[in-house]
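What follows is each chain in one-letter form.
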Amino acid sequence: MKRLCILLALLLPAGAWAQSTTEFGARASAEVNFKIAKGVHAYAEEEIRIASTSLDDLRHTLGFTYKPFKALKLGVGYTLINSYSTDNAAFKNPRHRFFADVTGSLLVGDFQFSLKERFQLTHRTGTFNVYQNTPDAMALKSKFTVKYKGFFNVEPYASFEMRTVLNGPWGTAGAEQKWNKSQTKQFYDYTPTGYTHVYNNRYRGEVGVDIAFNKWHSLKPYVLLDFKSDYEIDTNSEGTRIFSAGYVNSIRLSAGVSYVYNF
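One structure accompanies this document, and this report is about it. (Residues numbered from 1 in each chain as written. Predicted model: local features only at pLDDT ≥ 70, side-chain atom pairs only at ≥ 80, totals over all residues. Heavy atoms only, no water.)

## Considerations on a nonpolar patch on the surface
Where nonpolar side chains cluster on the molecular surface, the patch consists of Val32, Phe34, Ile36, Phe64, Val76, Trp216 and Phe263 and spans about 660 Å² of accessible area. Among the elements that line the nonpolar patch, the one with the most residues is strand S1 (residues 17-37), at 3 residues. Phe263 sits in the partly exposed class, given a relative accessible area of 47%. (Patch = residues over 30% accessible without salt bridge, like charges linked within 9 Å, V, L, I, M, F, W, Y side chains within 5 Å. Areas by Shrake-Rupley, 256 points an atom, 1.4 Å probe, with all protein chains shown as cover. Salt bridge = Lys/Arg side-chain N within 4 Å of Asp/Glu carboxyl O. Helix = DSSP H or I, 4+ residues; strand = E, 2+ residues; numbered from the N terminus. Buried < 20%, exposed > 50% of the residue type's maximum accessible area, 1.4 Å probe, protein only.)

In structure tokens:
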């Protein structure tokens, strides 16, 4: 049965669901947005994320946006992600994320509909098993937002986002179950086939309100429901043995607030 589960997890990833966890979190960010020229802006953002009762990570972002016309916005940027480890009370190896996005919007009466497509590449640092994790993970994020603009300076909104992994690690497992020399751990022969696994691993729903106090200061309180499903492969460091494979699911409900200063 265990062999069948592993083979199905490798060959039929959509049907291999594993353990699941649920937790609560919080987010807070502050952004400075500077107008360089008409339609061209530069921004810097600092964000803190908390998982349950402990620090999750700190994110530092620099980016640029350009609006060639009212209904279209382009953007590029870089984020340094410092993840915090509660095991040794220190920050782990940082990750470097580069991204580019395009956002199209349409105003219908007092409602604004927008679709944002973002391609991102995240470089992982430190020592890790390259058959379990991708050194340069690529993903595509699609976010659809509906915002009501009928009030003077308060704009409630709702959004849905989906993230697609573009190059997850993959391979094939042998049919014969084996044991290690000490007869304590079962495994199958494994042949890595590269970073070819494409699947949807994150779904987010968000509701909130944009509050513009004036042309310089704005605040956005929101609630975010985040469902994450990562496909995890447990192999040895040589990539010749596989011990388990399957989806690890998590659900996080977070309350957040974002402040923006424009000048």
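## Some words on the packing of aromatic side chains
Centre-to-centre distance and the angle between the planes together describe a pair of aromatic rings. The final tally for this structure, using the stated rule, is 14 aromatic pairs. Between the aromatic rings of Phe34 and Phe263, the centroid separation amounts to 5.0 Å while the plane-to-plane angle is 40 degrees, which identifies the pairing as tilted. Here Phe34, found in strand S1, pairs with Phe263, found in the segment after strand S12 (241-262); they are 229 residues apart in sequence, far enough to count as distant. Across from the ring centre of Phe128, 5.5 Å away, lies the NZ or CZ of Arg124, which sits over that ring. (Phe/Tyr/Trp six-rings, centres within 6.5 Å; stacked < 30°, edge-to-face > 60°. Lys NZ or Arg CZ within 6 Å of the ring centre and 35° of its normal.)

## Observations regarding a positive patch on the surface
Together, Lys67, Lys70, Lys73 and Lys116 make up a positively charged patch on the protein surface. In this structure, Lys73 sits in strand S4 (residues 72-85). (Lys, Arg positive; Asp, Glu negative; His and termini not counted. Charge placed at Lys NZ, Arg CZ, Asp CG, Glu CD.)

## A word on the pairing of strand S9 (residues 154-179)
Two faces, one strand: in a regular strand the side chains alternate between the faces of the sheet. As defined by bridge partners, strand S8 (residues 136-148) adjoins S9 across 9 bridges and the pair is classed as antiparallel. For Lys143, the partnering residue across the bridge sits in S9 and is Glu161. Counting the residues in the hairpin turn of S8 and S9 gives 5 residues. Relative to strand S10 (residues 186-212), S9 is paired through 20 bridges, and the arrangement is antiparallel. Note on S10: the bridge partner recorded for Ala158 is Val207. The hairpin formed by S9 and S10 contains 6 residues between the paired strands, and Gln183 there has a positive phi angle of roughly 60 degrees. (Pairing = 2+ DSSP bridges.)

## Focus on the side chain of Ser258
Along the chain, the position of Ser258 falls in strand S12. Side chain to side chain, Ser258 and Ser29 meet in a polar contact 3.1 Å long. Not counting residues within four places of it along the chain, the set of residues in contact with Ser258 comprises Ser29, Ser218, Leu219, Lys220 and Tyr222. (Polar contact = N/O pair within 3.5 Å; in protein donor to acceptor, adjacent residues only side chain to side chain. Contact = heavy atoms within 4.5 Å.)

## Quick word on the nonpolar core
Grouped together as the largest cluster of nonpolar side chains are 10 residues: Val165, Trp170, Tyr188, Tyr190, Tyr199, Tyr231, Ile233, Ile242, Ala245 and Tyr247. Mapped onto this core, the elements with two or more residues apiece are S9, S10, strand S11 (217-235) and S12. (Core = buried A, V, L, I, M, F, W, Y, C linked by side-chain atoms within 4.5 Å.)

## Observations concerning the pattern of salt bridges
The tally for this structure, following the rule as stated, stands at 14 salt bridges. We note a salt bridge from Glu47 to Arg49, for which the minimum N-O separation is 3.2 Å. Side by side, Glu47 and Arg49 carry an identical accessibility label, which is buried. With a shortest N-O distance of 2.7 Å, Arg118 and Asp101 are connected by a salt bridge. Taken together, the residues span a long stretch of sequence, with Arg118 in strand S7 (residues 111-124) and Asp101 in strand S6 (residues 95-108) at a distance of 17 residues. Judged by its relative accessible area of 17%, Arg118 falls in the buried class.

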